[in-house]
Amino acid sequence: MEQLNLSPGPIGIFDSGFGGLSILKQIRLLMPEYDYLYLGDNARTPYGSRSFQVVYEYTLQCVQKLFQMGSNLVIIACNTASAKALRTIQQKNLDVSSGRRVLGIIRPTAECVGTLTKNKHIGILATPGTVISDSYTIEIGKLFPDVVVSQQECPMLVPLVESGEISSSGTDFFVRKYVQSLLEKDNLIDTIILGCTHYPILYDTIRRYVPQNIRIVTQGEYVAQSLNNYLLRHSALEKCITRGGSCSYYTTESVENFLRVARIFMEQDVKAQTISL
């Protein structure tokens, strides 16, 4: 069996802000035995409106920071960073021979599409950055070339979630508007993927405006299952993950602001530290 010359460490979970907490939550539910580090680059969020180059540079800094903190496996739990930076980091900056790995969340989501849609018409609700990158269309096209993909930008949803406006009339208005716009692009859609890690927080509101015959897919459970399968296939890397059931939270912004919004995602209080990159 292959062995890696790595000191065991926690799984690193990175997001440009808070949305990756919804991914972390599902991963920990499925695999509570491992240790985790969560890093939110809250001081520079949002990434969605930034260029590919800037997102790549910011994401690389955060991935390298998690490596420095002992992680051997980093999950980019952010659709924008997965779309704009993951492939470049894997190809240009990752020494594969080291045994360390960086994974994203778009591919695992795309992989589940074939088992979810019955008529091969998929809708994506996502941030402008993710939509412009076309990453979902590309990844789904590679795996399921006969699936029709329609996308809808939802620029207002992340700010509304992070300001705590989960049940406001403004959130209601924009969710209805975005859902209607998506369904107008293809009235055969039978599955909608929430292509932003913030959107599960708005699931009930989204469900209200999506016809009951259309399935709504949140990413967390599929990403968690994909990671679990990945570790089963890569046992040498799995042995380089510490098992203490702990989770440490770090932010590039103020702890107070992080804790306020983190409570919305985690439904409990967490402890966090401010970190410099």
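Residues numbered from 1 in each chain as written. Predicted model: local features only at pLDDT ≥ 70, side-chain atom pairs only at ≥ 80, totals over all residues. Heavy atoms only, no water.

## Some words on helix 2 (residues 52-68)
With 17 residues, helix 2 ought to run about 24 Å at 1.5 Å a step, and its terminal C-alpha atoms sit 24 Å apart, in line with that. In this structure, the buried residues of helix 2 make contact with strand 1 (11-15), strand 2 (36-40), strand 3 (73-76), helix 3 (79-84), helix 4 (86-93) and strand 4 (101-103). In the segment just after helix 2, G70 is the residue with positive phi, at about 110°. (Helix = DSSP H or I, 4+ residues; strand = E, 2+ residues; numbered from the N terminus. Expected span 1.5 Å × (residues − 1). Contact = heavy atoms within 4.5 Å.)

## Digging into the sheet that holds strand 7 (residues 191-194)
A sheet is described by the order of its strands in space; here four strands give the open sequence 6-5-7-8, paired in parallel fashion. Two strands close off the open sheet at either side, each with one partner strand: strand 6 (148-153) and strand 8 (215-217). Across the sheet, the mean angle separating the axes of adjacent strands is 20° when strand polarity is ignored. Sheet strands in contact with helix 8 (residues 135-143) are strand 5 (121-126), strand 6 and strand 7, and its direction is about 165° off that of strand 6. Against the sheet, helix 10 (residues 169-185) contacts strand 5, strand 6 and strand 7, and its axis sits at roughly 150° relative to strand 6. (Pairing = 2+ DSSP bridges. Axes fitted to C-alpha atoms, helices over the stretch in contact; angles between N-to-C directions.)

## A few points about the sheet that holds strand 2
Ordered in space as 4-3-1-2-9-10, the six strands form an open sheet in which the pairing is parallel. Here the strands that pair on one side only, and so sit at the sheet edges, are strand 4 and strand 10 (272-274). Neighbour-to-neighbour, the strand axes of the sheet open up by a mean angle of 20°, direction not taken into account.

## Digging into the state of the cysteines
Scanning the entire structure with this criterion turns up zero disulfides. Among the cysteines around C112, which has no disulfide bond, C196 carries the closest sulfur, lying 16 Å off. Note on C154: no disulfide assigned, nearest cysteine sulfur contributed by C196 at a separation of 8.4 Å. Judged by its relative accessible area of 1%, C154 is buried. (Disulfide = S-S within 2.5 Å. Buried < 20%, exposed > 50% of the residue type's maximum accessible area, 1.4 Å probe, protein only.)

## Some points on the pairing of strand 9 (residues 247-251)
In terms of burial, strand 9 is largely enclosed, as four of its five residues are buried. Where strand 2 meets strand 9, five bridges bridge the pair, whose relative direction is parallel. Note that in strand 9 the partner of Y36 across the bridge is C247. With three bridges joining them, strand 9 and strand 10 adopt parallel strand pairing. When the sheet's bridge partners are listed, Y249 is paired in strand 10 with A272. The parallel pair strand 9 and strand 10 is bridged by helix 14 (residues 255-266), and the resulting crossover is right-handed. (Right-handed = clockwise from strand over helix to strand, strands pointing away.)

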